[in-house]
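Chain by chain, the residues:
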Amino acid sequence: MKVSKEQIFEYNKKGLENHTEKLDFLAGQLTKKGHDVASIVSKLSEFQVAIPSWALGAGGTRFGRFSHFGEPSTLEQKIDDVGVLHSLTQTAGAVSLHIPWDVPSDYAAIKEKADSLNIKFDAINSNTFQDQKDAKESYKFGSLSNTSQAIREQAIQHNLDVIKIGDKLGSKSLTVWLADGSCFPGQNNFQTAFQNTQNSLIDIYKGLPDDWKLLIEYKPFEPNFYSTVIQDWGASLMLANGCGDKAFTLVDLGHHLPNSNIEQIVSILQLKGKLGGFHFNDSKYGDDDLTVGSIKPYALFLIFNELVYGMENNPQNPDLAWMIDASHNIKDPLEDLIQSLEAIQEAYAKALLVDQNLLRAAQEANDVVKCQEILQGAYRTDVRPLIEKARLNTGGVISPINAYRSFNVREELIKERGRNTVATGL
Ligand code: AOS
Ligand code: ZN
Ligand code: ZN
Ligand code: ZN
């Protein structure tokens, strides 16, 4: 299944008049306020978000899993699906692989496929939260933190192998998320577990190529319910600092206790030059992995406001690895991902409308009301015509969900792959 340029061209013709009318109005208003509309649109076009290979199939819960049919079952097919997303949205120009779920059998063929679809290999993920077939040691009681040296060594070696795989594909970073922790008080010695984790990460870090980054993801609970070794940004930052300059903290939006001020975390990490990457999703309760922007769009905007500030003012912080980390229990995964991409673009566009100079002046004058007016003025702007324009400029469609449905993408995928499909991964 491929979406052709002709299909896109024909599709866009129908919506062009309506789009132009809305864009002209919005661009006129924004220009009057002093915004450079062309530069906002080009920033939106440049913004690319990686699609995780494991989000292309139905996720399910521990209570069951319902197929969406036509799911990808090989790495080739997963890249094809990202290709569909990218041709419609022009924002999904990268894929994030998870090893061992996605070990390529033919590197040249995989690279060629990704190249032909204009897709890069972003951060690659290791997996020491599941026992692998034929593995000698078990991760039941932890991996990099385990009390057993043999288990730690197996987990370290796995990460070094993942780096080698990523290197052959052109990845430039390794993301480590650990399930390590404990379910009951007294089960673990906190200090030993942390120290073991630090030492293991240092061993992995030593195997990192010079132009690579190590991204350390944190999460407060699940699958362990009493303690998690890398529970928050503080633990992640300490471990990153213990490794060196190429190690950074990765923020997953769903990995915070309720009401955490994520925008503040993001801001301070950038100030310290230690924010390495992002996993986008949304949640009401915990690590729900719902569609980005579906529950707390204003919080997402506030986070983007800090990210934009950091991108403009914190040269000490590297370029970020952006990725969606979602799971789909009831939606078509590709439609869900399109909605997530749209929500990310929207929050980014609104953040670009915040007048940083005016905001700074209002902050300095302690004009609290004005500060809120500035943020909410940007947030309340309907920026969708700008996003449509960014897509049109790069060859995407005006309205991705609508196009996805009118091109019968899922039906075509079912025709190709059958109904009885199971994606590898979670
Ligand atoms: C787990 O909760 C994390 O969000 C990780 O990023 C994880 O590796 C990913 O969800 C795939 O399992
Ligand atoms: Zn994540
Ligand atoms: Zn998660
Ligand atoms: Zn999550």
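Residues numbered from 1 in each chain as written. Chains lettered and ligands numbered in written order. Predicted model: local features only at pLDDT ≥ 70, side-chain atom pairs only at ≥ 80, totals over all residues. Heavy atoms only, no water.

- As annotated in an unreviewed UniProt entry, the protein carries the name Sugar isomerase and is attributed to Polaribacter butkevichii.

**A look at the site of ligand 1**
Turning to step 1, where the next piece is worked out: Around ligand 1, a shell composed of 13 residues is seen, among which E217, K219, H255, D287 and D325 lie nearest.
Turning to step 2, where the next piece is worked out: Within the side chain of H279, one N or O atom sits 3.3 Å away from an oxygen atom of ligand 1.
Turning to step 3, where the next piece is worked out: Alone, ligand 1 offers 320 Å² of accessible surface; in the complex the protein occludes 95% of this. (Near = heavy atom within 4 Å. Polar contact = N/O pair within 3.5 Å; in protein donor to acceptor, adjacent residues only side chain to side chain. Areas by Shrake-Rupley, 256 points an atom, 1.4 Å probe, with all protein chains shown as cover.)

**Section: the coordination of the zinc ion (ligand 2)**
Six octahedrally arranged donors around a metal ideally form angles of 90 or 180 degrees; four tetrahedrally arranged donors ideally form angles of 109.5 degrees.
Turning to step 1, where the next piece is worked out: Taken together, the protein ligands of the zinc ion (ligand 2) are E217 (OE), D252 (OD), H279 (ND1) and D325 (OD), with distances of 2.1 to 2.2 Å.
Turning to step 2, where the next piece is worked out: Bound by six donor atoms, the zinc ion (ligand 2) shows angles of 71 to 165° at the metal and therefore octahedral coordination geometry.
Turning to step 3, where the next piece is worked out: In this structure, the zinc ion (ligand 2) lies 3.9 Å from the zinc ion (ligand 3). Taken together, the residues span a long stretch of sequence, with E217 in strand β7 (residues 213–217) and H279 in strand β10 (residues 275–280) at a distance of 62 residues. For the pair shown, E217 and H279 are each scored as buried. (Donors = N, O, S within 2.8 Å, 3.2 Å for Na, K, Ca; no water. Tetrahedral: all angles 85-135°; square planar, octahedral: opposite > 155°, others 65-115°. Helix = DSSP H or I, 4+ residues; strand = E, 2+ residues; numbered from the N terminus. Buried < 20%, exposed > 50% of the residue type's maximum accessible area, 1.4 Å probe, protein only.)

**Focus: helix α15 (residues 409–417)**
Since there are 3.6 residues in each turn of an α-helix, residues three or four apart along the chain are aligned in direction.
Turning to step 1, where the next piece is worked out: Every buried residue of α15 is listed here: V409, R410, L413 and R417. The arc that holds the buried residues of α15, viewed along the axis, is 95°, so those residues lie on one side.
Turning to step 2, where the next piece is worked out: Considering only its buried residues, α15 is in contact with α3 (75–89), α10 (333–352) and α14 (400–406).
Turning to step 3, where the next piece is worked out: Backbone geometry just downstream of α15 places G418 in the positive-phi region, at approximately 90°. (Arc of directions from axis to C-beta. Contact = heavy atoms within 4.5 Å.)

**Focus: unusual backbone geometry**
Turning to step 1, where the next piece is worked out: With an omega dihedral of 20°, the bond running from I99 to P100 counts as a cis peptide bond.
Turning to step 2, where the next piece is worked out: A cis geometry characterises the amide bond from E222 onward to P223, with omega recorded as 10°.
Turning to step 3, where the next piece is worked out: Mapped onto the elements of the fold, P223 is located in the loop between β7 and β8 (227–228).
Turning to step 4, where the next piece is worked out: For E222, which is not glycine, the phi dihedral falls at a positive 80°.

**Considerations on the coordination of the zinc ion (ligand 3)**
Turning to step 1, where the next piece is worked out: Donor atoms from the polypeptide that coordinate the zinc ion (ligand 3) comprise H255 (NE2) and D287 (OD), at 2.1 to 2.3 Å from the metal.
Turning to step 2, where the next piece is worked out: Around the zinc ion (ligand 3) sit four donor atoms; with metal-centred angles ranging over 77 to 163°, the donor geometry is irregular.
Turning to step 3, where the next piece is worked out: On the basis of relative accessibility, which here comes to 21%, the residue D287 falls in the partly exposed class.

**Let's talk about the side chain of S126**
Turning to step 1, where the next piece is worked out: Residue position: S126 is located in the loop between β4 (124–125) and α5 (149–169).
Turning to step 2, where the next piece is worked out: S126 sits in the buried class, given a relative accessible area of 4%.
Turning to step 3, where the next piece is worked out: If we ignore the near neighbours within four places in the chain, the residues touching S126 are H98, I99, H158, N159, V162, L174, T175 and V176.

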